[in-house]
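Next come the chains, spelled out residue by residue.
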Amino acid sequence: MTADRRDISSAGQSPGKPSAGGFADLGPRVASAAAMVIAALGALYLGGDVFALFWLAAAFGVSWEWQNLIGGEGRAARIAVGGAAVAAAMAFGRVSMPGAAALAIAAFALAGAALAGAERRLWAATGVVYAGALAFSVCLLRESADVGALAIAFLFAVVWGTDIFAYFGGRLIGGPKLWPRVSAGKTWSGTITGVLCGAFLGLVAVYLGAGPQLANWRVFLVGLAAAAFSQVGDLFESSVKRRFGVKDSSQLIPGHGGVMDRLDGFIFASAFAAAVGLLRGAPSVAAGLFFW
């Protein structure tokens, strides 16, 4: 991780985020984003084992980056524990067993904490939960009967729309910063623009996928909440990277940093969507997002 360290305070910008007011990083960001979108949509369309393996790899990447980012002792063992956690979370998500998934993730989180030094135990455990929540929530939603694929497409539209319009809104409109101590580049204008546009695009995705009967104001409100959670996820990851003095979670994705840098918002949004679906007690978890 030494090569990834940055003097963030002197650079004057948020970890993993481009400097405000310019588009110099747009080219590599667009190219990498296009490749990721194609891969994600392809996995969604194919479903089944392909979808599960795609998100298993993504969740493992998140776990690997997190444990490397926080550093400390027992790193290799913690990465192995994180890998076992996301595999268990994926398996239980596919068969809709949230209780078993929660117990497995908690057990592996405790194991990860035990392997870390005293100063990093909470951080190590949090990373296991963070990656496990991603693997469980996306598989739980996708395997839901009837509207599982629609739920993931809805989240894609919400999170990607929020991210894109927050990026452009913040640079074109500018104005007061949202939380400069954590993210120097994020503005209120960009955040509000992103959340509203993300929710609208989520509604459009539902309309195209299921027709006007499901594309109603309640689903728009779910989209607003999911978009807001995606922004919270973005701020959360920025705060973790700032805490450990890291600019990007890794250098795996040109123009974007690492897997965590791309999935921070999606992790929070998908966990929120899975929680809503579970709490509503609908015929399936995904149905709980759309049938009110």
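Residues numbered from 1 in each chain as written. Predicted model: local features only at pLDDT ≥ 70, side-chain atom pairs only at ≥ 80, totals over all residues. Heavy atoms only, no water.

1. Things to note about the UniProt feature "transmembrane region" (unreviewed entry) in the chain
Alright, step 1. Sequence positions flagged by UniProt for "transmembrane region" (unreviewed entry) are, in local numbering, residues 33-56, 76-93, 100-116, 122-141, 148-168, 188-208, 215-233 and 266-291.
Alright, step 2. End C-alpha to end C-alpha, residues 188-208 measures 30 Å, and it is 100% helix and 0% strand. (UniProt positions renumbered as here; feature names shortened; annotations may be inferred. Helix = DSSP H or I, 4+ residues; strand = E, 2+ residues; numbered from the N terminus.)

2. A word on the nonpolar core
Alright, step 1. Ranked by internal contacts, the top residues of the largest apolar core, which has 64 residues, are Trp55, Val62, Leu134, Leu141, Leu263, Phe266 and Phe290.
Alright, step 2. With sequence-adjacent residues up to four places away left out, Val62 is seen in contact with Tyr130, Ala131, Leu134, Val259, Met260, Leu263 and Ile267. (Core = buried A, V, L, I, M, F, W, Y, C linked by side-chain atoms within 4.5 Å. Buried < 20%, exposed > 50% of the residue type's maximum accessible area, 1.4 Å probe, protein only. Contact = heavy atoms within 4.5 Å.)

3. Thoughts on the pairing of strand β2 (residues 183-187)
Regular strands show a simple pattern: their side chains alternate between the two faces of the sheet.
Alright, step 1. Of all five residues in β2, four are buried, a share of seventy percent or more.
Alright, step 2. Where strand β1 (residues 177-179) and β2 come together, two bridges link them in antiparallel fashion. Across the sheet, residue Trp179 finds its bridge partner in β2, namely Ser183.
Alright, step 3. Connecting β1 to the next strand, β2, in antiparallel fashion are three residues. (Pairing = 2+ DSSP bridges.)

4. A word on a nonpolar patch on the surface
Alright, step 1. Taken together, Ile164, Phe165, Phe168, Leu172 and Ile173 make up a surface patch of nonpolar side chains, about 490 Å² in accessible area.
Alright, step 2. Along the polypeptide, Ile173 turns up in helix α7 (residues 148-173).
Alright, step 3. On the basis of relative accessibility, which here comes to 58%, the residue Ile173 falls in the exposed class. (Patch = residues over 30% accessible without salt bridge, like charges linked within 9 Å, V, L, I, M, F, W, Y side chains within 5 Å. Areas by Shrake-Rupley, 256 points an atom, 1.4 Å probe, with all protein chains shown as cover. Salt bridge = Lys/Arg side-chain N within 4 Å of Asp/Glu carboxyl O.)

5. Quick notes on helix α8 (residues 188-210)
Alright, step 1. With 23 residues, α8 ought to run about 33 Å at 1.5 Å a step, and its terminal C-alpha atoms sit 33 Å apart, in line with that.
Alright, step 2. Within the sequence span of α8, burial applies to Ser189, Gly190, Thr191, Gly194, Val195, Gly198, Ala199, Gly202, Leu203, Ala205 and Val206.
Alright, step 3. Lining the buried residues of α8 we find α7, β1, β2, α9 (217-243) and α11 (287-290).
Alright, step 4. Two residues or fewer past α8, Gly211 is found with a positive phi of approximately 90°. (Expected span 1.5 Å × (residues − 1).)

6. A closer look at the pattern of salt bridges
Alright, step 1. Inspection of every chain in the model, using the stated rule, returns seven salt bridges.
Alright, step 2. In this structure, the salt-bridge partner of Arg94 is Glu143, at a minimum N-O distance of 3.6 Å. In this pair, Arg94 is assigned in helix α4 (residues 75-94) and Glu143 in the loop between α6 (121-142) and α7, connecting sequence segments 49 residues apart.
Alright, step 3. Residue class for Arg94 comes out partly exposed when judged on its relative accessible area of 27%.
Alright, step 4. By relative accessible area, which is 35% here, Glu143 ends up partly exposed.
Alright, step 5. Close ionic contact of Asp163 with Arg262 constitutes a salt bridge, the shortest N to O distance being 2.9 Å. You can see Asp163 sitting in helix α7 and its partner Arg262 sitting in helix α10 (residues 259-280), a full 99 residues away along the chain.

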